[in-house]
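# Coordinates in review
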Amino acid sequence: MNLKFTPDGLVPVITREYNTGAVLMQAYMNADALAATVDSGYAVYYSRSRQELWRKGESSGHVQQVVRILTDCDRDCLLLDVVQTGVACHTGSYSCFEEVIHTSDSVKPQFTAKTLHEMIIDRKNNPSDGSYTAKLFEKGIDTILKKIGEETAEVIIAAKGAERENAVYELADLYYHVGVMMAHMGIAPEEVEAELARRHSNPKVE
């Protein structure tokens with residue numbers, strides 16, 4: 001493949017979920033790991049600490065089926081598009097890239113499901129006095145599920161009464177509390193998106 005390996009014979013690899021575009025992890029490959037990945041169809045990396053090849057998910061079952069391998073313009077970095085089974089991070093998180101260390105105040109990105117997830121994760125990891133989200137995590141799953149039940153009922157009442165504006169408001173409440181439950185369980189939005197993509201690609205599932 002005419003890649004530019006480091007003097008140690010390695011090339012950095014960025015791995016992302018093919019169905020959602022979510023960045024999952026960063027690791028390294030040597031020539032043998034790359035060959036094993038191509039031959040097996042599953043991601044195989046090189047461990048710098050153990051100095052040996054390791055197949056992602058070999059012990060956990062969280063394997064990465066490779067869809068395609070790309071290289072950058074300098075041919076000194078690889079990008080793996082994979083279908084992730086389970087979670088990618090050894091901490092139990094879906095992605096290794098979940099801790100926000102800086103957010104620009106001058107740029108206001110579109111508020112998305114991922115934005116909400118990151119905000120909830122930040123409240124979970126950095127609880128502050130007066131934070132409603134932090135209090136939900138402190139009270140535990142029973143309280144979180146109770147709130148989901150209450151908000152679901154509010155959505156049903158608004159929809160039954162054809163109150164469109166109120167339905168949107170109540171749906172936002174429900175969406176938020178479901179997001180808290182997902183964070184509590186370690187479920188990332190990308191996992192749900194990947195499941196929807198799987199169903200979309202299999203007409204029998206829809």
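Residues numbered from 1 in each chain as written. Predicted model: local features only at pLDDT ≥ 70, side-chain atom pairs only at ≥ 80, totals over all residues. Heavy atoms only, no water.

### Some words on the environment of Pro-189
To keep it simple, the criterion reads: In this text, helices come from DSSP runs of H or I with a minimum length of four residues, and strands from runs of E with a minimum of two, each type numbered from the N-terminal end. Note on contacts: a residue pair is in contact if any heavy atoms of the two residues lie within 4.5 Å.
Within the secondary structure, Pro-189 is located in helix H6 (residues 189-201). Those residues in contact with Pro-189 that lie beyond four places of it in its chain are Ala-113, His-117 and Met-182.

### Here we look at the nonpolar core
Rules: To form a nonpolar core, buried Ala, Val, Leu, Ile, Met, Phe, Trp, Tyr and Cys residues must be joined to one another through side-chain atoms within 4.5 Å. Only protein chains enter the area calculation, which uses a 1.4 Å probe; residues under 20% of their type maximum are buried, those over 50% are exposed, and those in between are partly exposed.
Core analysis: the largest hydrophobic core is formed by 20 residues, its most contacted members being Val-13, Leu-24, Met-29, Tyr-45, Leu-78 and Leu-80. Among the elements that line this core, the one with the most residues is strand S2 (residues 23-29), at four residues. Among the nonpolar cores identified, the runner-up in size contains 14 residues, and Leu-116, Ile-121, Ile-144 and Val-155 belong to it.

### Observations concerning the pairing of strand S5 (residues 64-71)
Where a strand is regular, its side chains alternate between the two sheet faces. Note the cut-off: When DSSP finds two or more bridges between a pair of strands, those strands are recorded as paired.
Pairing of S5 with strand S6 (residues 78-84) involves seven bridges; the strand directions are antiparallel. Residue pairing in the sheet places Thr-71 in a bridge with Leu-78 of S6. Where S5 hands over to S6, the hairpin turn is made up of six residues, of which Arg-75 adopts a positive phi near 60°.

### Notes on helix H5 (residues 164-185)
To keep things clear, this is the line we draw: A helix is expected to span 1.5 Å multiplied by its residue count minus one.
With 22 residues, H5 extends 31 Å from end C-alpha to end C-alpha; this agrees with the ideal 32 Å at 1.5 Å per step. Residues of H5 that are buried: Ala-167, Glu-170, Leu-174, Tyr-176, His-177, Gly-179, Val-180, Met-181, Met-182 and Ala-183. Summarising the contacts, the buried residues of H5 are in contact with helix H2 (113-125), helix H3 (132-139), helix H4 (141-160) and H6. Just beyond H5, the residue with positive phi is Gly-186, at close to 75°.

### Overview of the state of the cysteines
Basically, it comes down to this: Cysteine sulfur atoms are paired as a disulfide whenever they come within 2.5 Å of each other.
Taken as a whole, this structure holds zero disulfides when the rule is applied. Lacking any disulfide linkage, Cys-89 is separated from the closest cysteine sulfur, that of Cys-96, by 3.6 Å. Given the relative accessible area of 9%, Cys-89 is considered buried. Residue classification places Cys-96 among the partly exposed positions, given a relative accessible area of 39%.

### Brief notes about H4
Where we set the bar: The directions from the helix axis to the C-beta atoms form the arc being described.
The end-to-end C-alpha separation of H4 is 28 Å, in line with the 28 Å expected for 20 residues at 1.5 Å each. Those residues of H4 that fall on the buried side of the exposure criterion are Ile-144, Ile-148, Glu-151, Val-155 and Ala-158. Here the buried residues of H4 occupy an arc of 90° about the axis, which is enough to place them on one side. For H4, the exposed residues set more than 90 degrees away from the buried face come down to Asp-142, Lys-146, Ile-156, Ile-157 and Lys-160. Contact partners of the buried residues in H4: H3 and H5. After H4 finishes, the residue Ala-162 shows a positive phi value of roughly 55°.

### Some points on unusual backbone geometry
Positive phi values are uncommon outside glycine, yet Gln-51 reaches one of about 55°. By secondary structure assignment, the location of Gln-51 is in the loop between strand S3 (44-47) and strand S4 (52-55).

### Details of the sheet that holds strand S1 (residues 11-17)
Paired through backbone hydrogen bonds, the strands of a sheet run either parallel or antiparallel to each other. This is how it is decided: Convention adopted: a line fitted to C-alpha atoms gives each axis, helices being fitted over their contacting stretch, and angles between N-to-C directions are expressed from 0 to 180 degrees.
Pairing is mixed across the open sheet formed by four strands, whose spatial order is S2-S1-S6-S5. Looking at the sheet topology across the chains shown, the edges are occupied by S2 and S5. Neighbour-to-neighbour, the strand axes of the sheet open up by a mean angle of 25°, direction not taken into account. One ladder, built from six bridges, connects S1 with S2; its direction is antiparallel. Bridge assignment links Thr-15 to a residue of S2, and that residue is Met-25. Sitting on the sheet, helix H1 (residues 31-40) touches S2, S5 and S6, and the angle it makes with S5 is about 125°.

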